[in-house]
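One-letter residues, chain by chain:
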Amino acid sequence: MIYRKINICFVLPDLNRGGAQRIMSYISQNLDKDRFKCTLLIINSSKETDFKIKNIEVKYLNKKRLLNASLSLLLHLKLRDYDIVIGSIGHINKILGIFSIFFRKTKFIGREASLDTIIQKYNKPKSSPINLMFNNYRKKLDGVICQSNDMMDHVIQDYQLNRENVFIINNPITIKPPIELLKRPTHDVKQFITIGRLSQEKGHSRILNVLSKLIDINWHYTIIGEGIENENIINQIIFLKLESQVTLVPHLDDVREALQSSDLFLQGSFVEGFPNALLESCLLGTPVVAFKAPGGTNEIINNNINGFIASNNDEYLNYIRIAIIEKSWNHKAISDSVLEKFNPKSIISKYENLFIKISNK
């Protein structure tokens with residue numbers, strides 16, 4: 001059967017290392033080319049691009065700020081006559097909600113990146129004309145994509161959305177699974193790792209507090225990330241006298257080797273959208289100890305299969321000890337636990353079905 005291709009525009013601020021950028025660009029490149037024609041529309045310039053895009057059109061507006069790009073964005077959408085326009089960052093979703101008023105046929109979708117009303121407790125949002133102009137933008141969208149059940153409950157309750165317009169689609173695995181998971185070498189000094197931006201809601205501080213009490217195991221902790229909490233984290237490391245046991249690394253081009261060579265992935269987040277680094281850790285066979293938090297963590301971790309979820313600091317410390325001393329991990333089972341649920345083919349299919357459904361409204 002020959003179908004009319006559905007013409008979709010993915011609007012992103014840039015193509016840097018951000019999770020939303022990576023996931024949305026991955027989706028756009030892997031939709032069925034016989035059913036969908038995809039364009040990536042980037043607010044920033046090509047100089048801000050950290051990874052390559054293949055087989056789809058990429059258009060750059062070359063603007064530093066979304067507010068300055070608003071007119072160019074509107075004109076582009078008007079001229080191209082897209083069937084669907086999708087955003088995945090809060091301020092872009094907001095302006096797409098405003099734009100939807102001026103389009104009769106085009107459908108607008110927003111993908112939620114986080115549980116924003118909870119994150120605002122840790123990071124005060126910047127005020128902007130767009131925020132003041134249109135606060136209830138989600139009700140103007142034709143669909144809202146949530147990455148987890150917690151996120152869905154959050155947006156429906158906080159913004160009084162119609163359940164029929166809210167869709168749950170988890171993030172796909174975007175790195176290749178290991179061909180073979182060999183038995184890990186035994187480390188005399190146990191290797192712990194955390195990957196993520198250095199911001200208050202990520203909970204690096206409480207991980208460090210827990211580790212300062214872990215005196216019966218030889219360990220080293222690597223934190224990979226950048227952010228506004230960098231100085232506070234350094235000061236805490238010094239205060240706790242952990243300088244010889246904790247290493248801060250701003251960025252690694254490929255974290256795969258670092259994850260595979262670690263004994264344990266530590267997550268301290270107070271809130272999550274959908275933790276991609278945690279997901280990739282499990283895919284590579286490295287177990288996780290995380291704190292209980294709103295978001296997608298509880299949809300990834302199966303206690304005693306690929307990690308543990310702790311309710312408080314004492315339980316977190318106990319789970320680290322169990323994971324390192326008592327537990328004999330099946331690294332293939334860890335990988336399979338996420339590969340079965342979040343495999344890219346299944347997730348891409350959910351996006352395709354959603355786009356077909358939305359375009360037929």
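Here is what the cut-offs are and how they apply
- Residues numbered from 1 in each chain as written.
- Predicted model: local features only at pLDDT ≥ 70, side-chain atom pairs only at ≥ 80, totals over all residues.
- Heavy atoms only, no water.
- Salt bridge = Lys/Arg side-chain N within 4 Å of Asp/Glu carboxyl O.
- Helix = DSSP H or I, 4+ residues; strand = E, 2+ residues; numbered from the N terminus.
- Buried < 20%, exposed > 50% of the residue type's maximum accessible area, 1.4 Å probe, protein only.
- Right-handed = clockwise from strand over helix to strand, strands pointing away.

Caption draft 1: Up close: the pattern of salt bridges. Tallied over the entire structure, the rule returns 8 salt bridges. A salt bridge links Arg-80 to Glu-57; its shortest N-O distance comes to 2.8 Å. Of this pair, Arg-80 sits in helix α2 (residues 66-80) while Glu-57 sits in strand β3 (residues 57-60), and the two are 23 residues apart along the sequence. For Arg-80, a relative accessible area of 33% gives the class partly exposed. Under the relative-accessibility criterion, Glu-57 is labelled partly exposed at 32%. A salt bridge links Glu-272 to Lys-202; the nearest nitrogen and oxygen atoms lie 2.9 Å apart. Highlighted residues: Glu-272 in the loop between β11 (264-267) and α10 (276-283) and Lys-202 in the loop between β8 (190-195) and α7 (204-211), separated in sequence by 70 residues. In terms of burial, Glu-272 and Lys-202 fall into one category: buried.

Caption draft 2: How the structure looks around the pairing of β11. Residues of β11 alternate between two faces, with Leu-264 and Leu-266 on one and Phe-265 and Gln-267 on the opposite face, all of them buried. On the question of chirality, the crossover connecting β11 to the parallel strand β12 (residues 288-291) by way of α10 is right-handed.

Caption draft 3: How the structure looks around the environment of Leu-284. With respect to the helices and strands, Leu-284 occurs in the loop between α10 and β12. Taking the C-alpha atoms as reference points, Leu-284 and Leu-115, 169 residues apart in sequence, are found 27 Å from one another.

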